[in-house]
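A closer look at the structure
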Amino acid sequence: MLLPDVERKHNKNVNSAEFFSLIFVTWTTYLGFYFVQPMMTTLAQVFKISPSQAGLLVTVVVVPFVIGPFVYGRVLHFISIRRLLFLLIPCSGISLIAASFASSYVGLLCCRLLQGVSLPGILMCITAHIALRYEGQTLQRCMGIYAATTLIGSFSGRLMGGWLSSAYGWHSAFQCLGAVQIVSFLTVCFLIGEVREKIGHDDFGLRDIAKVLRCRLLMLLILIPPVAGYCVASYVAVLPFYLKDIDPEMSDACIGLIYLSGLISGIVGLWCRQVVRWCRGEWNVIMFSLLCMALLIQGLAFKHAGIAFILMLGISLSFTLINCMVPGLLNRASRLSKGLTNSVYLSIYYLAGAVGTYMPLVVYTHFGLGIYDMTVLIALSSALAITLSAKKSFHTAG
């Protein structure tokens with residue numbers, strides 16, 4: 001999530017209770033983000049829908065992130081962070097609980113969409129609050145903890161969703177995670193104070209966005225993580241149905257456990273500088289990671305749950321390295337507003353992620369594993385070609 005432009009007055013010490021509340025809200029928000037993925041096969045059976053329709057239950061939550069950085073950035077000019085959290089957190093929690101009572105697929109989809117509209121605002125408020133409260137190394141450390149929490153939340157949500165669905169039914173998964181988010185709202189009420197500083201008025205118009213889109217180097221750099229992210233999102237989305245094809249008796253809890261390996265990938269980010277030294281440069285890390293992803297995706301042909309676990313680990317590690325490398329290169333290359341550049345980057349990133357949660361399921365369902373593999377290889381080959389072109393332009397511009 002974009003770190004907003006803010007006006008700070010002075011340094012402040014870390015308020016442990018307040019920061020805990022911010023991190024707890026971040027964790028509970030990400031719990032409710034992707035938790036449905038392990039139970040998508042169950043939901044497809046219950047509502048008698050296709051795999052691609054089940055995938056839309058994730059897509060509708062991701063799509064609002066495409067415009068979220070722009071919309072909520074403007075909203076925060078007129079309403080305080082605390083008040084916006086008071087509105088959005090209950091909205092997200094209640095929509096999850098309401099989804100558990102949905103009697104139709106359309107009703108369930110609408111509840112997920114309502115939740116999706118709330119999530120970008122919650123995360124924007126948290127990053128803005130951290131940016132207003134802390135500075136220097138303290139700010140960097142707090143944002144590092146925030147970033148790690150998003151990863152932990154997304155994968156632990158999948159684990160919890162799969163376990164709750166298997167143990168108590170899919171209704172209970174929605175109700176429990178909705179209730180957890182309501183509890184996080186109580187911590188906001190009692191532990192998070194108001195801030196007096198204002199969010200910076202750094203508004204972007206279509207002409208400003210067009211400047212980024214017309215810059216060849218920036219667009220090449222911006223496209224690398226979204227294209228690679230599309231492939232990761234596609235693998236994560238297809239995985240439950242792939243595992244069910246291998247073993248029709250596999251439970252949602254077992255499917256959720258496969259996602260556990262993705263949680264480990266965040267650790268590699270702590271040693272990304274060491275990886276850069278081993279590979280002799282950031283560009284080599286990116287190309288090596290893309291090649292690894294292309295090789296790993298071929299492992300799906302073995303049709304074994306254990307191999308699927310290893311593939312999740314390797315693909316997640318590779319993508320984490322790409323995500324550690326590209327934003328730094330992007331901000332070094334940009335001569336435009338960093339807020340503008342990062343907002344465009346995030347919008348394209350989430351747009352690719354949204355497409356990746358839906359289209360690959362259509363391909364896998366209608367054309368099979370072989371064609372799905374081919375589409376992923378084409379996407380990764382495109383990402384590699386973009387990387388080579390971006391490297392050349394980057395060194396020319398430098």
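In the block above lies the structure referred to throughout.
Reading guide: rules and limits
- Residue numbers run consecutively from 1 along every chain, following the written order of its sequence.
- In keeping with the predicted nature of the model, local features appear solely for residues at pLDDT of at least 70, side-chain atom pairs appear and are counted solely at 80 or more, and the whole-chain, interface and lining totals rest on all residues.
- The basis for every side-chain value is the complete set of non-hydrogen atoms in the structure, without hydrogens or water.
- Strands here are runs of E lasting at least two residues and helices are runs of H or I lasting at least four, both read from the DSSP assignment and numbered beginning at the N terminus.
- In what follows, residue pairs with any heavy atoms lying within 4.5 Å of each other are defined as contacts.
- To be clear on the numbers: accessible area is Shrake-Rupley with a 1.4 Å probe, and residue cover counts the displayed protein chains and nothing else.
- Each Phe, Tyr or Trp ring, with Trp reduced to its six-membered ring, pairs with another whose centre is within 6.5 Å; inter-plane angles below 30 degrees give stacked pairs, above 60 give edge-to-face pairs, and intermediate values give tilted ones.
- Burial classes: relative accessible area under 20% of the type maximum marks a residue as buried, over 50% as exposed, and values in between as partly exposed (1.4 Å probe, protein chains only).
- The criterion for a charge sitting over a ring is simple: Lys NZ or Arg CZ within 6 Å of the ring centre, and within 35 degrees of the ring normal.
- For the purposes of these results, a polar contact is taken to be a pair of N or O atoms within 3.5 Å, where, inside protein, one atom must be able to donate a hydrogen and its partner to accept one; residues adjacent in sequence count only when each atom of the pair is a side-chain atom.
- Buried Ala, Val, Leu, Ile, Met, Phe, Trp, Tyr and Cys residues form a nonpolar core when they are joined through side-chain atoms within 4.5 Å.
- Fitted lines through C-alpha atoms give the axes, limited to the stretch in contact for helices. The angle between two N-to-C directions lies from 0 to 180 degrees.
- Each angle gets one of four labels, with under 35 degrees taken as roughly parallel, over 145 as roughly antiparallel, 65 to 115 as roughly perpendicular, and the rest as oblique.
- In this classification, the charged set is Asp, Glu, Lys and Arg, the nonpolar set is Ala, Val, Leu, Ile, Met, Phe, Trp, Tyr, Cys and Pro, and all remaining amino acids, among them Gly, are polar.
- Residues form patches when they are more than 30% accessible in relative terms and have no salt bridge. Like charges link within 9 Å. Nonpolar side chains (Val, Leu, Ile, Met, Phe, Trp, Tyr) link within 5 Å.
- When a carboxyl oxygen of Asp or Glu lies within 4 Å of a side-chain nitrogen of Lys or Arg, that pair is called a salt bridge.
- By definition here, a helix of n residues has an expected span of 1.5 Å times n minus one.

Right, let's talk about the overall build of the protein chain for a bit. If you tally the helices and strands in the protein chain, you get 18 helices and 0 strands. In the protein chain, 87% of the contacts between residues at least 6 apart in sequence involve partners at least 24 apart. Summed over its atoms, the accessible surface of the protein chain is roughly 16900 Å², and 67% of this surface lies on carbon and sulfur atoms.

As a further point, take the packing of aromatic side chains. Aromatic rings in a pair are described by how distant their centres are and how their planes are angled relative to each other. Considering all chains together, one arrives at 16 aromatic pairs under this definition. Ring centres of phenylalanine 24 and tryptophan 27 lie 6.1 Å apart, and the angle between their planes is 35°; on these two criteria the pair is classed as tilted. Of this pair, phenylalanine 24 and tryptophan 27 both sit in helix 1 (residues 16-34), 3 residues apart, roughly one helical turn. Centre to centre, the rings of phenylalanine 33 and tyrosine 34 are 4.3 Å apart; their planes meet at 5°, and the pair counts as stacked. Grouping residues by exposure puts phenylalanine 33 and tyrosine 34 together as buried. An aromatic cluster of three or more residues is present, and its members are Tyr30, Phe33, Tyr34, Phe65, Phe319, Tyr345, Tyr349 and Tyr350. Over the ring of phenylalanine 155 we find arginine 158, and its NZ or CZ is 4.8 Å from the ring centre.

Checked against the element boundaries, serine 95 lands in helix 5 (residues 81-99). A distance of 2.7 Å separates the side chain of serine 95 from the backbone oxygen of serine 92, its partner in a polar contact. Contact partners of serine 95, with chain neighbours within four places excluded, come to Cys111, Leu114 and Gln115.

Moving on, we come to the nonpolar core. Ranked by internal contacts, the top residues of the largest apolar core, which has 130 residues, are Ile130, Tyr235 and Tyr372. The element best represented in this core is helix 10 (residues 216-246), accounting for 20 residues. The residues contacting tyrosine 235, other than those within four sequence positions of it, are Ile297, Leu300, Ala308, Leu311, Met312, Ile315 and Tyr372.

The general pattern is negative phi for most residues beyond glycine and trans for most peptide bonds. Located in the positive-phi region is lysine 48, a residue other than glycine, with phi close to 55°. The exposure class of lysine 48 is exposed, given its relative accessible area of 74%. If you check the backbone angles, lysine 303 has positive phi at about 50° while not being a glycine. What makes lysine 303 exposed here is its relative accessible area of 52%.

Here we take up the packing of helix 3 (residues 51-62) against helix 6 (residues 105-133). Helix 6 packs onto helix 3 with a crossing angle of 25° between their chain directions and a minimal axis gap of 7 Å. Taken together, helix 3 and helix 6 sit at an angle that is classed as roughly parallel. Residues Gln53, Leu56, Leu57, Val58, Val60 and Val61 of helix 3 form the contact with helix 6, whose participating residues are Tyr105, Leu108, Leu109, Arg112, Leu113, Gln115, Gly116 and Leu119. For the contact of helix 3 with helix 6, the per-class residue count stands at 10 nonpolar, 3 polar and 1 charged.

Before going further, it helps to spend a moment on a nonpolar patch on the surface. Together, Phe367, Ile371, Met374 and Ile378 make up a nonpolar patch on the protein surface, roughly 410 Å² of accessible area in all. Element by element, the count of residues in the nonpolar patch is highest for helix 18 (residues 369-397), at 3 residues. Note that isoleucine 371 resides in helix 18.

Moving on, we get to helix 6. Helix length check: helix 6 (29 residues) gives 42 Å between terminal C-alpha atoms against 42 Å at 1.5 Å per residue, within 8%. Counting buried positions over the 29 residues of helix 6 gives 23, a clear majority of the element.

Quick look at the side chain of threonine 59 now. Within the secondary structure layout, threonine 59 lies in helix 3. In contact with threonine 59, not counting residues within four places along its chain, are Ala354, Thr357 and Tyr358.

Another aspect to go through is the environment of proline 360. In this structure, proline 360 sits in helix 17 (residues 359-367). Proline 360 sits in the buried class, given a relative accessible area of 1%. Contacts of proline 360, omitting those with residues within four sequence positions, involve Tyr230, Ser234, Val238, Val355 and Tyr372.

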